[in-house]
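# Topology and contacts: notes
Residue-level listing of the chains:
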Amino acid sequence: MPQHVPSQLRAPVPRASQLPPALPPPPRRIVFLAHRDLDNPAAGGSELLVDRLADGLTRLGHQVTLLCGGPASYRDYRVVSAGGEFGHYLRARSAFTRQVGDCDLLVEVCNGMPYLAPLWHRGPTLCLVNHVHTDLWQMRFGGPLAPAARIGRRLEHWALAGAQQRNLLVAVSPSTAHALRAIGVERDRIRVVHNGVEEPGPRADRSPEPLFVAVGRLVEYKRIDLLLRLWERVRPVTGGRLLIVGDGPERERLQQLAGPGVEFTGHVSEAEKHRLLCEAWLLLHPSAVEGWGLVVTEAAARQTPSIAFDVPGLRDSVVDGETGVLAHGESSFAAAWCTLALSGHRRELMGKAARDRAAQYRWDRTVKQFRAVAAEAVRGWVP
């Protein structure tokens, strides 16, 4: 039999006007505006991230479209080409109007050259940033092209700190968040959503002979030429092979620099990459800067530690002394390379620690975190 509750202790029933407003649902129609599709020969970590986000959001019931430059491949989500590799930057607005029409959220993927979407899209916009290209402009456009580097750097900084000033920005690592703050983006507009990694399949056996692997697009800032120079110092100590996995505009020059024991595989399938990362004794990552260093986590999931430089992005994905080594110069990189190659026990301990840390980063978690930020971007948008 229900007990009588004195009227003074009863919770008042709120009137309709006192009820908090219901939160709007997460955006259903989401458009990613990005440089490339994952099947583009020049695709890398940024394209993989966008693909995993788009695919994961589609599986959660969202209608996702990728508007990109270059070829467009068939996927479970819609992919639309806005034009050529560079021309699509100029055609993005008209392509959006003509082929997309409208959406609940536009995600501008900022990888150097901006689309300036907030200036022409009259709706919620979210900016996804892998890394700020501050120093890379000079590396890419040096010598007589230095004025182009200065223009590109200023345009990128203004686009991120100025054109996006009313929007949220998603950084893929604390390093990227720090770089955004350094160019004037307010801290409270930055959200960090880490890259994920696939659950690895059955492990392949570790190579019985020393095998060292570098994976990535062969472009200047990846500094594979530096790795080839260091290999000449390391090889007499360790022996074995150095595999360069990937392709890009630097390949021909790098092959001319390569000494004994170096092999270039070109682009490989995901299955082959899995096998090589399992077989490798160490992953080597000499890049000058990264957003996160996705391949580090991919190697870690396969119990393979990494050696990298202590630079933005890689200092986030490598825990120095636990899941790998962060070098502070060329000599310390070479020393760590030799030391770990000669110590199987230490490599094994680091590999297990790397595997345990990689288990914290899965794509389903990344998608859910991004979806939450997307909903926040829509809620906070003011026409």
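Model, not experiment: these values are computed from the prediction.

Of the regular secondary structure elements, the chain holds 13 helices and 13 strands. Sorting the 383 residues of the chain into buried and exposed places 52% on the buried side. Counted over contacts in the chain with a minimum sequence separation of 6, partners at least 24 positions apart contribute 65%.

Next up on the list: the confidence of the model for the chain. Here the chain averages 88 in pLDDT, while 87% of its residues score no lower than 70. Here residues 1–14 scores under 50 on pLDDT; set against residues more than four positions off or in separate chains, the count is 3 contacts. Confidence over residues 16–22 falls short of pLDDT 50; this stretch has 1 contact with residues more than four positions distant or in other chains.

Turning next to the sheet that holds strand E5 (residues 125–129). Strand order in the open sheet formed by 7 strands is E3-E2-E1-E4-E5-E6-E7, and the pairing between neighbours is parallel. Lying at the two open borders of the sheet, with one neighbouring strand each, are strand E3 (78–81) and strand E7 (190–192). Pairs of neighbouring strands in the sheet enclose a mean axial angle of 25°, with direction left out of account. Pairing of strand E6 (residues 169–171) with E7, which is carried by 3 bridges, proceeds in the parallel orientation. Residue pairing for E7: Ala171 is matched across the bridge by Val192. Helix H1 (residues 45–59) contacts strand E1 (29–34), strand E2 (63–68), strand E4 (105–110) and E5 of the sheet and is inclined by roughly 170° relative to E1.

Right, let's get into the packing of helix H9 (residues 294–301) against helix H12 (residues 344–358). Viewed as axis vectors pointing N to C, H9 and H12 meet at an angle of 115°, and their least axial separation amounts to 7 Å. Classified by the interaxial angle, the pair formed by H9 and H12 is roughly perpendicular. In this structure, the crossing between H9 and H12 has a hand that is left-handed. Residues Thr297, Ala300 and Ala301 of H9 form the contact with H12, whose own contacting residues are Gly351, Ala354, Arg355 and Ala358.

The next subject is the sheet that holds strand E10 (residues 262–266). One open sheet holds the 6 strands; their spatial order is E10-E9-E8-E11-E12-E13, and the pairing between them is parallel. Strands with a single pairing partner mark the edges of an open sheet, and in this sheet they are E10 and strand E13 (324–327). For this sheet, the mean angle separating the axes of adjacent strands, direction not counted, is 20°. Across 4 bridges, strand E9 (residues 241–245) lies against E10 in parallel orientation. Following the sheet pairing, Leu243 is matched in E10 by Glu263. Sitting on the sheet, helix H6 (residues 224–238) touches strand E8 (211–215), E9, E10, strand E11 (282–285) and strand E12 (306–309), and the angle it makes with E9 is about 160°.

Moving on, we come to the packing of aromatic side chains. Applying the stated criterion across every chain, the model contains 10 aromatic pairs. An angle of 55° between the planes, with centres 5.3 Å apart, marks the rings of Trp292 and Tyr361 as tilted. One end of the pair, Trp292, is in the loop between E11 and H9; the other, Tyr361, is in the loop between H12 and helix H13 (363–379), and 69 residues separate them in sequence. By the ring-pair criterion, three or more aromatic residues cluster together here, those being Phe212, Trp231, Trp281, Phe309, Phe333 and Trp337. Positioned above the aromatic ring of Phe309, the side-chain terminus of Arg223 is 4.9 Å from the ring centre.

Turning our eyes to something else, we now look at the pattern of salt bridges. Per the counting criterion, the structure on display carries 27 salt bridges. With a shortest N-O distance of 2.5 Å, Arg253 and Glu250 are connected by a salt bridge. We classify Glu250 as buried; its relative accessible area is 12%. Linking Lys273 and Glu298 is a salt bridge whose minimum nitrogen-to-oxygen distance equals 3.1 Å. Placement of the pair is Lys273 in helix H8 (residues 270–279) and Glu298 in helix H9, with a sequence separation of 25 residues. By relative accessible area, Glu298 is classed as buried at 10%.

Thresholds, definitions, all that
Residues numbered from 1 in each chain as written. Predicted model: local features only at pLDDT ≥ 70, side-chain atom pairs only at ≥ 80, totals over all residues. Heavy atoms only, no water. Helix = DSSP H or I, 4+ residues; strand = E, 2+ residues; numbered from the N terminus. Buried < 20%, exposed > 50% of the residue type's maximum accessible area, 1.4 Å probe, protein only. Contact = heavy atoms within 4.5 Å. pLDDT = per-residue confidence, 0-100. Pairing = 2+ DSSP bridges. Axes fitted to C-alpha atoms, helices over the stretch in contact; angles between N-to-C directions. Parallel < 35°, antiparallel > 145°, perpendicular 65-115°, else oblique. Left-handed = near helix turned anticlockwise from the far one by under 90°. Phe/Tyr/Trp six-rings, centres within 6.5 Å; stacked < 30°, edge-to-face > 60°. Lys NZ or Arg CZ within 6 Å of the ring centre and 35° of its normal. Salt bridge = Lys/Arg side-chain N within 4 Å of Asp/Glu carboxyl O.

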